[in-house]
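Residues per chain are reported as follows:
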Amino acid sequence: MISTSKGFTVFVYVFLIFLILCCVIPFWLLIASSLTSETTLLQNGYSLVPREFSLSAYKYLWTAKESIGRAYLMSVLISAVGVSANVLMCILFAYPLSRQDLPGRSVFSFLLFFTMLFNGGLVPTYLVYTNIVNVKDSFWGLVVPYLLFNPFMVIMMRTYFTSSIPGEVLEAAKIDGANEVRCLTSIVVPMSKPIIATVGLMTLIAYWNNWTNGIYFLTTRTELYGIQNYLNDVMNKATFLQNHSNGMINARDIPNVSVRMAIAVVAVIPLLVLYPFFQKYFVKGVTLGSVKG
């Protein structure tokens, strides 16, 4: 039986509380800053309690509520399509790699790992996507480039399949006449909900927070902007107005710093709402079945 000293236990609790505060305080500061007037932020900086309460940043965003709603719907659509395709590709790639009898298994594993270390660079990748794949100024330009396939996710899923799916269960299914497709759909997938939810959540965060694809691949069709790209555009316009007011309006009356905070609050809300539903699977999935009874 392992015993721990009382001092060590106190240290662990204090350390964990410190880590919790490191996670909570930035969010609290973000919300407080979004509810502070622009002038106060410029004069006094950030504070955990708004020194001068103001909703000017959210009022500024509310003036474009219809466009923001459309951008939200686009982000939901992009994330749904991207996450579904990504999870499906990971499962179809990881399951064969988890099978010890796969011909050329080491070669495929090496090619998968190699792509994590080396790539062609930004310019060649951009040229491939625009000239060969032809995703420029299209919906697929927000789904396919950089995000649709992640070797690290495949390796996580393969490790889970190898360590947490008993080989005896698959062998028994094959004796009963099940083929590989039936084993995958009826046994492996139902037993792999934690890792599938983990990969899905991590991919969802990547798609929802991504704004580089919109900058790289959307030049004219701004109606395809997701929430990140649209709110970035709103922030740029606020900065432009602040820098080119020409004395007609007070530049400090145009929310710039506070609107950035409001943008971050608006963008992070969906993830905060969804995370509790994935948490129980996420914790189990990242352990990759390392603790087994």
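Definitions and cut-offs
- Residues numbered from 1 in each chain as written.
- Predicted model: local features only at pLDDT ≥ 70, side-chain atom pairs only at ≥ 80, totals over all residues.
- Heavy atoms only, no water.
- Helix = DSSP H or I, 4+ residues; strand = E, 2+ residues; numbered from the N terminus.
- Buried < 20%, exposed > 50% of the residue type's maximum accessible area, 1.4 Å probe, protein only.
- Areas by Shrake-Rupley, 256 points an atom, 1.4 Å probe, with all protein chains shown as cover.
- pLDDT = per-residue confidence, 0-100.
- Contact = heavy atoms within 4.5 Å.
- Core = buried A, V, L, I, M, F, W, Y, C linked by side-chain atoms within 4.5 Å.
- Expected span 1.5 Å × (residues − 1).
- Polar contact = N/O pair within 3.5 Å; in protein donor to acceptor, adjacent residues only side chain to side chain.
- Phe/Tyr/Trp six-rings, centres within 6.5 Å; stacked < 30°, edge-to-face > 60°.
- Lys, Arg positive; Asp, Glu negative; His and termini not counted.
- Salt bridge = Lys/Arg side-chain N within 4 Å of Asp/Glu carboxyl O.
- Axes fitted to C-alpha atoms, helices over the stretch in contact; angles between N-to-C directions.
- Parallel < 35°, antiparallel > 145°, perpendicular 65-115°, else oblique.
- Left-handed = near helix turned anticlockwise from the far one by under 90°.
- Nonpolar A, V, L, I, M, F, W, Y, C, P; charged D, E, K, R; others polar.

Looking at the overall build of the chain
Right, on to step 1. The secondary structure content of the chain amounts to 13 helices and zero strands.
Right, on to step 2. Counting from the amino terminus, the chain carries its helices and strands in the arrangement α-α-α-α-α-α-α-α-α-α-α-α-α.
Right, on to step 3. Looking at the chain residue by residue over its 293 residues, the buried ones come to 38%.
Right, on to step 4. Working note: accessible area of the chain is about 17400 Å², and carbon and sulfur atoms make up 68% of it.

Regarding the confidence of the model for the chain
It should be kept in mind that the predicted coordinates are not to be read in detail where pLDDT is low.
Right, on to step 1. Per-residue confidence for the chain gives a mean pLDDT of 82, with 88% of residues at or over 70.
Right, on to step 2. Mean pLDDT values over the elements of the chain span from 75, in helix 13 (residues 257-287), up to 90, in helix 4 (residues 65-98).

Quick notes on the side chain of Ser258
Right, on to step 1. The topology assignment puts Ser258 in helix 13.
Right, on to step 2. Beyond its immediate chain neighbours, meaning those up to four positions away, Ser258 contacts Ser33, Ser34, Thr36, Glu38, Leu41 and Ala57.

Describing the nonpolar core
Right, on to step 1. Counting 52 residues, the largest nonpolar core has Leu61, Met157, Phe161, Tyr230 and Leu231 as the members making the most contacts within it.
Right, on to step 2. By residue number, the principal contributor to this core is helix 4, which donates 11 residues.
Right, on to step 3. In this structure Leu231 touches Leu61, Ile68, Ile263 and Val266, once residues within four positions along its chain are discounted.

Structural notes on unusual backbone geometry
Right, on to step 1. Positive phi, close to 55 degrees, is recorded for Asp137, a residue that is not glycine.
Right, on to step 2. Mapped onto the fold, Asp137 is located in the loop between helix 6 (122-132) and helix 7 (151-164).
Right, on to step 3. If you check the backbone angles, Tyr146 has positive phi at about 70 degrees while not being a glycine.

Details of helix 7
Right, on to step 1. For helix 7, which comprises 14 residues, the first-to-last C-alpha distance of 20 Å matches the rise-based estimate of 20 Å (1.5 Å per residue) to within 8%.
Right, on to step 2. Residue Asn150 occupies the N-cap position of helix 7, its side-chain oxygen lying 2.9 Å from the main-chain nitrogen of Phe152.

Section: the packing of aromatic side chains
Right, on to step 1. Counted according to the given criterion, the structure contains 12 aromatic pairs.
Right, on to step 2. With centroids separated by 4.9 Å and ring planes inclined at 35 degrees, the aromatic side chains of Phe114 and Phe118 adopt a geometry described as tilted.
Right, on to step 3. Put simply, the rings of Tyr126, Tyr129, Tyr146, Tyr216 and Phe217 touch in pairs and so form one group of aromatic residues.

Some details on the side chain of Arg99
Right, on to step 1. Relative to the assigned elements, Arg99 resides in the loop between helix 4 and helix 5 (105-117).
Right, on to step 2. Despite its burial, Arg99 remains without a salt bridge, the nearest opposite charge being carried by Asp101 at 4.1 Å.
Right, on to step 3. Leaving out residues up to four positions away in the same chain, Arg99 has contacts with Arg105, Leu170, Lys174 and Glu180.

Focus on the packing of helix 4 against helix 7
Right, on to step 1. Between helix 4 and helix 7, the shortest axis-to-axis distance is 8 Å and the interhelical angle comes to 50 degrees. Comparing their axes, helix 7 and helix 4 come out oblique. Considering only the axes of helix 4 and helix 7, their crossing is right-handed. Between helix 4 and helix 7, the residues in contact are Cys90, Ile91, Phe93, Ala94, Tyr95, Leu97 and Ser98 and Met153, Val154, Met157, Arg158, Phe161 and Thr162, respectively.
Right, on to step 2. In the contact of helix 4 with helix 7, the residues fall into 10 nonpolar, two polar and one charged.

A short note on the pattern of salt bridges
Right, on to step 1. In total, this model carries two salt bridges according to the counting rule given.
Right, on to step 2. Across the salt bridge formed by Glu180 and Lys174, the nearest N and O atoms sit 2.6 Å from each other.

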